[in-house]
Amino acid sequence: MRLILLNPTIIDGKSTEPIEGFSIIIENNRISKLSKSPTQTEIKGAKVIDLHGFFAIPGLFDTHTHLVSPLSDVFHANETTVARYIRAGKECMDGLSVGITSVRAVGTHNYLDLAWKRSFANNMFSGPRIFASGYALTTTAGHAVEKEITYASDGGPGFRKIIREQLKEGVDHLKLLMSGGCFGDRWDSPTDTHFLTDEIESVFGIAQQRGYKVAVHAGSPESTKIAVKAGAHSIEHGYSLDEESVALMVSNNTYYVPTLLITHMTNEAALTPYHKNYITQWPLPNNLLERANANRAAHSSAFKMALEAGVKIAAGSDAGPLKDASILEIELLVQNGMSPMNAIKAATLTSAAVCEADEELGSIEEGKCADLVILRKNPVEAIGNIRSVYQVYKNGKLAIDESQ
Ligand SMILES: [Zn+2]
Ligand SMILES: [Zn+2]
């Protein structure tokens, strides 16, 4: 069936200004035409939805998720594994309701991301597209080694075997934990680099040979430089960066997914009612709160340095639940200095490129898959308006209807 979305203001994910005076014609799940005035032939037999006064943006992405919060052992301490698997699916489905039509998983237990990806792709349930990583790769005494979302090995041969197993399961990309993390133990701090040269060469050697991209968790300038030189597709977090690491990211076209929410999960950083409410609902324990506060200034200035240098920045929350965390992260990009228009690009076209899906997704253009979010209010005027969801279309079909 042909669907005509009549005359919304279009924020296409590419242009510098909103576009007025066009209607979006959708056929066979794709945007077949952006039309100044649909012809009688086009209108005949089509379903026409009047969107004058509304705003159309591309479907949103969250490019750094573990489907459930990576702090699930804190926030859901007594949850069974099966209960967590079910919650992961529910939170993905809820994400669709706020306009998240695609997510990139970067470390999940037992190929949970692949299972949900397939159940959404074959319409068993209605949820976002998932780009799957399987487990995140770490070392003995490496980052997050005690969490169920990681798979530890040591030495080149160990990593070759793990990666080949992951490829056989059907992952879309790989995730490597190069350094420690903001919330880690003493032996797991962002300034520690955990991988040795033979291990790095094994990971990237196979990735290049088989045509897979590697997302790299890197907390420091040093681990970022090692990752970029090895061929990382994206740097995750970058809790601190220096001029050299930022320049390397620019010259190597490396994407940056800052995951600002990690160091902004505190009252001091919460400037909006939504954010304050989120902190009240998911309060960090004191030891983690101290880490978030201690790392925030450096994280924020790393982000600003990358933004100014022209690093390609994508939106990814690294928190949960998806429906709250992903939108908060988009707002935090703006709170830390990005324009609302560029924050929308970060969460759409740039994120689609991070998922290697920018030929199909991420912008409102003729020929692309019709993943769209219709908003009641203009998100370019105030990024918080991204919450004013009216409808969500996934693959050309109305997936969420808040019009009543
Ligand atoms: Zn990480
Ligand atoms: Zn993460």
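Refer to the preceding data block for the structure.
The notes below deal with the structure included here. (Residues numbered from 1 in each chain as written. Chains lettered and ligands numbered in written order. Predicted model: local features only at pLDDT ≥ 70, side-chain atom pairs only at ≥ 80, totals over all residues. Heavy atoms only, no water.)

1. Some remarks on the pairing of strand E13 (residues 214-218)
Phase 1: For E13, the tally of buried residues reaches five of five residues, placing the bulk of the element in the interior.
Phase 2: What you see with E13 is no split at all: Val-214, Val-216 and Ala-218 on one side and Ala-215 and His-217 on the other are buried throughout.
Phase 3: Crossover handedness for the path strand E12 (residues 174-177) to helix H6 (residues 197-210) to E13: right-handed.
Phase 4: Across four bridges, the pairing between E13 and strand E14 (residues 234-237) is parallel. From the neighbouring strand, Ala-215 faces E14, where its bridge partner is Ser-234.
Phase 5: Regarding the hand of the β-α-β motif, the stretch spanning E13, helix H7 (residues 221-230) and E14 is right-handed. (Buried < 20%, exposed > 50% of the residue type's maximum accessible area, 1.4 Å probe, protein only. Helix = DSSP H or I, 4+ residues; strand = E, 2+ residues; numbered from the N terminus. Right-handed = clockwise from strand over helix to strand, strands pointing away. Pairing = 2+ DSSP bridges.)

2. Describing the coordination of the zinc ion (ligand 2)
Phase 1: At the metal site, the zinc ion (ligand 2) is ligated by His-64 (NE2), His-66 (NE2) and Asp-318 (OD), and these contacts range over 2.0 to 2.3 Å.
Phase 2: One chain supplies every donor for the zinc ion (ligand 2), spaced along it as H-x1-H-x251-D.
Phase 3: In this structure, the zinc ion (ligand 2) lies 3.6 Å from the zinc ion (ligand 1). Here His-66, found in the loop between strand E7 (60-65) and helix H2 (72-75), pairs with Asp-318, found in the loop between strand E16 (312-313) and helix H11 (322-335); they are 252 residues apart in sequence, far enough to count as distant.
Phase 4: For His-66, a relative accessible area of 7% puts it in the buried group.
Phase 5: Classification of Asp-318 by relative accessible area gives buried; the value is 7%. (Donors = N, O, S within 2.8 Å, 3.2 Å for Na, K, Ca; no water.)

3. Remarks on the environment of Ala-227
Phase 1: On the secondary structure map, Ala-227 appears in helix H7.
Phase 2: For Ala-227, a relative accessible area of 0% puts it in the buried group.
Phase 3: Distance from Ala-227 to Ser-326, taken between C-alpha atoms, is 25 Å for residues 99 residues apart in sequence.
Phase 4: Each residue touching Ala-227, except ones within four places of it in the same chain, is listed here: Met-178, Phe-204, Val-216, Ala-232 and Ile-235. (Contact = heavy atoms within 4.5 Å.)

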